[in-house]
Amino acid sequence: MKKLLKKYQHAIRRNCIGDDYPPEGNVTFWRNRLFSNTLEFILPLSLITIIPGVVYSLMLGLYVLAIFDVFSFLFLLFIAFGKGVSIKNRKLMLMACTYLASAYLLFYIGINGPGLLFLYAGCIFGLLILSNSYTYFLAAINVIICIAFGFVIFYNLSPVDAVNEITVAEWIATSVNLIFLSFLSCVLLPRLFEGLSTTIRKQSELKVALESSLHEVEQKNHELEKFAFVASHDLQEPLRMVTGFLSQLERKYGGQLDEKAHQYIYYANDGAARMKKIIMDLLGFSQMGQLNYPKESVDLGELLDDFRVLRRSIIEEKSATVETETLPIVNSFRAPLTQVFHNLIDNALKYHRKDHPPRIMVTATDGPHHWSFSVQDNGIGIDAEDFDRIFIMFQRLHGKEDFSGTGAGLAIVKKVIDNLGGAIWVESNLGAGSIFHFKIPK
Ligand code: ADP
């Protein structure tokens with residue numbers, strides 16, 4: 001049944017909507033859509049109303065009305081399914097059908113029947129499905145039909161006595177209201193479509209502008225990554241020279257240098273080591289955008305076990321605990337995900353309060369579209385003002401005397417999660433600990 005209904009809808013839509021539209025649609029698309037929806041509903045509904053209508057007409061001896069009913073239904077079928085008819089002509093045929101029905105109903109039933117209603121409905125219908133250029137044409141048809149019916153009443157042309165009993169004054173009083181409403185609708189409804197059309201146009205212009213800006217940003221990002229890669233790669237060589245010559249200086253001339261000179265060499269070596277760390281972080285950051293290896297199933301429980309083994313000495317040294325709930329197996333990229341968990345837990349181990357051994361808890365929540373994780377610690381905490389800053393490359397909240405580091409870890413974590421289509425954020429109270437939350441799509 002469902003399949004049949006789909007087939008029925010598809011056949012009408014193919015004939016009545018067309019396919020030459022921008023992806024977001026335009027006013028013509030929505031008018032055609034409305035037209036096709038109307039036919040989809042009108043056909044079964046007319047079938048329901050036509051059967052009692054025909055029976056009633058036959059009982060009253062109104063054979064022409066019965067034939068008209070059947071003919072109208074066949075005409076509707078042709079409008080919906082007939083081959084080789086343009087959408088515009090289908091619409092005009094539907095309008096003609098509605099107006100003809102209204103004129104016919106007026107002629108045979110008079111103002112007590114649904115004729116007037118059909119006349120107004122025809123006008124509204126036309127305003128919705130035809131282009132704005134037909135606006136006053138529709139109201140004019142109503143005027144013409146009203147005048148014509150005035151003549152029918154005046155010259156007693158209807159075969160039905162009840163219709164001929166209506167006086168011209170009565171008809172004028174009634175039809176004036178209909179004409180007034182038709183003209184009012186002709187003024188108001190097209191404005192709605194004009195507004196809709198402007199909104200859709202502006203929306204598509206905005207979309208184009210947004211896409212081009214996005215492309216530009218992506219390109220700039222790519223250039224920046226390339227620059228960071230080349231710069232950090234090229235900086236390694238001169239740095240190696242500096243450290244190489246420093247150690248030569250110490251080895252060859254160490255005996256001739258005084259204590260101050262040794263101290264200077266020590267500082268120079270320390271600076272070079274820090275610079276090397278920064279260069280390596282920058283290199284890592286610039287390469288983090290590329291997820292050009294395949295996804296695999298990553299057992300996060302195992303990943304955390306490996307972490308505990310790898311960091312056993314620091315965990316023991318700090319009397320830390322790294323606890324986890326049962327962690328899932330996810331289908332993702334192993335290396336970047338490992339980097340995310342390692343960086344976050346390393347930070348939780350590093351930024352702990354004196355006399356408060358780190359207590360770290362890693363949890364996972366299974367959502368409908370995402371996996372959500374959190375890494376909670378009881379460390380020094382972060383001021384709410386710095387929640388955004390800590391995710392920026394090389395931004396640190398502490399001097400190297402307090403905590404070692406380059407300020408690249410969280411920037412790398414954020415970049416990895418962004419690239420996976422996820423998000424990361426922090427919740428923290430100074431002096432009480434932090435929770436880093438992140439989610440990644442499944
Ligand atoms: P790094 O640790 O090398 O400084 P990160 O990018 O990992 O660089 O962190 C940036 C800053 O965020 C750190 O300097 C630190 O001040 C703060 N931070 C990160 N993690 C925590 C944490 N778990 N608790 C408190 N502060 C943190």
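Shown above is the structure to which this text applies.
Treat the numbers as computed from the prediction; the structure is a model and nothing was measured. (Residues numbered from 1 in each chain as written. Predicted model: local features only at pLDDT ≥ 70, side-chain atom pairs only at ≥ 80, totals over all residues. Heavy atoms only, no water.)

Next up on the list: helix 4 (residues 87-109). If you check helix 4, its first and last C-alpha atoms are 32 Å apart, about what 23 residues at 1.5 Å a residue would give, namely 33 Å. G110, located one to two residues past helix 4, shows a positive phi value of around 85°. (Helix = DSSP H or I, 4+ residues; strand = E, 2+ residues; numbered from the N terminus. Expected span 1.5 Å × (residues − 1).)

Around the ligand, the structure places 20 residues, and the nearest of them are N347, Y351, R396, G407 and L410. For the ligand, an oxygen atom lies 2.7 Å from a polar atom in the side chain of Y351. Within the contact set of the ligand, an oxygen atom lies 2.7 Å away from a backbone nitrogen or oxygen of L410. Coverage of the ligand by the protein amounts to 98% of the 530 Å² it exposes when considered alone. (Near = heavy atom within 4 Å. Polar contact = N/O pair within 3.5 Å; in protein donor to acceptor, adjacent residues only side chain to side chain. Areas by Shrake-Rupley, 256 points an atom, 1.4 Å probe, with all protein chains shown as cover.)

Covalent bonding between the sulfur atoms of two cysteines defines a disulfide. Tallied over the full model, the rule gives zero disulfides. As a non-bridged cysteine, C16 has C97 as the owner of its nearest cysteine sulfur, 14 Å distant. Overall, the relative accessible area of 0% leaves C16 in the buried class. (Disulfide = S-S within 2.5 Å. Buried < 20%, exposed > 50% of the residue type's maximum accessible area, 1.4 Å probe, protein only.)

What follows deals with the sheet that holds strand 5 (residues 370-376). Strand order in the open sheet formed by five strands is 2-4-5-7-6, and the pairing between neighbours is mixed. Edge positions in the open sheet fall to strand 2 (321-324) and strand 6 (423-429), since each of these has one partner strand only. Sheet twist, expressed as the average angle between the axes of neighbouring strands with direction ignored, equals 15°. In this sheet, strand 7 (residues 433-441) lies alongside strand 5 in antiparallel orientation, the contact comprising seven bridges. Residue pairing for strand 7: S372 is matched across the bridge by K439. In the packing of helix 10 (residues 300-310) onto the sheet, contacts are made with strand 2, strand 4 (359-366) and strand 5, and the angle to strand 2 comes to roughly 175°. Of the strands in this sheet, strand 6 and strand 7 touch helix 13 (residues 409-419), which is tilted by about 140° from strand 6. (Pairing = 2+ DSSP bridges. Axes fitted to C-alpha atoms, helices over the stretch in contact; angles between N-to-C directions. Contact = heavy atoms within 4.5 Å.)

In terms of nonpolar packing, the biggest core is built from 43 residues, with L300, F341, L344 and F373 touching the most fellow members. Of all elements in the fold, only helix 10, helix 12 (334-350), strand 4, strand 5, helix 13, strand 6 and strand 7 reach the threshold of two or more residues within this core. Within the second largest apolar cluster, 39 residues are counted, among which are I12, L39, Y99 and L189. (Core = buried A, V, L, I, M, F, W, Y, C linked by side-chain atoms within 4.5 Å.)

Tracing the backbone through its elements, the reader meets E225 in helix 8 (residues 168-253). A residue is classified by how much of its surface remains accessible, and E225, at 19% relative accessible area, is buried. Engagement of the side chain of E225 in a polar contact is seen with the side chain of K415, the distance being 2.8 Å.

Attention now goes to the side chain of S332. Relative to the elements of secondary structure, S332 occurs in strand 3 (residues 329-332). Apart from residues no more than four positions distant in its own chain, S332 is found in contact with K295, E296, V298, L337 and L420.

Most of strand 7 is tucked away, with seven of its nine residues classed as buried. Where strand 6 lies against strand 7, seven bridges are found, and the strand directions are antiparallel. Bridge pairing links E427 to I435 in strand 7. Linkage of strand 6 to strand 7, two consecutive antiparallel strands, is achieved through a turn of three residues, within which G431 is found at a positive phi near 80°.

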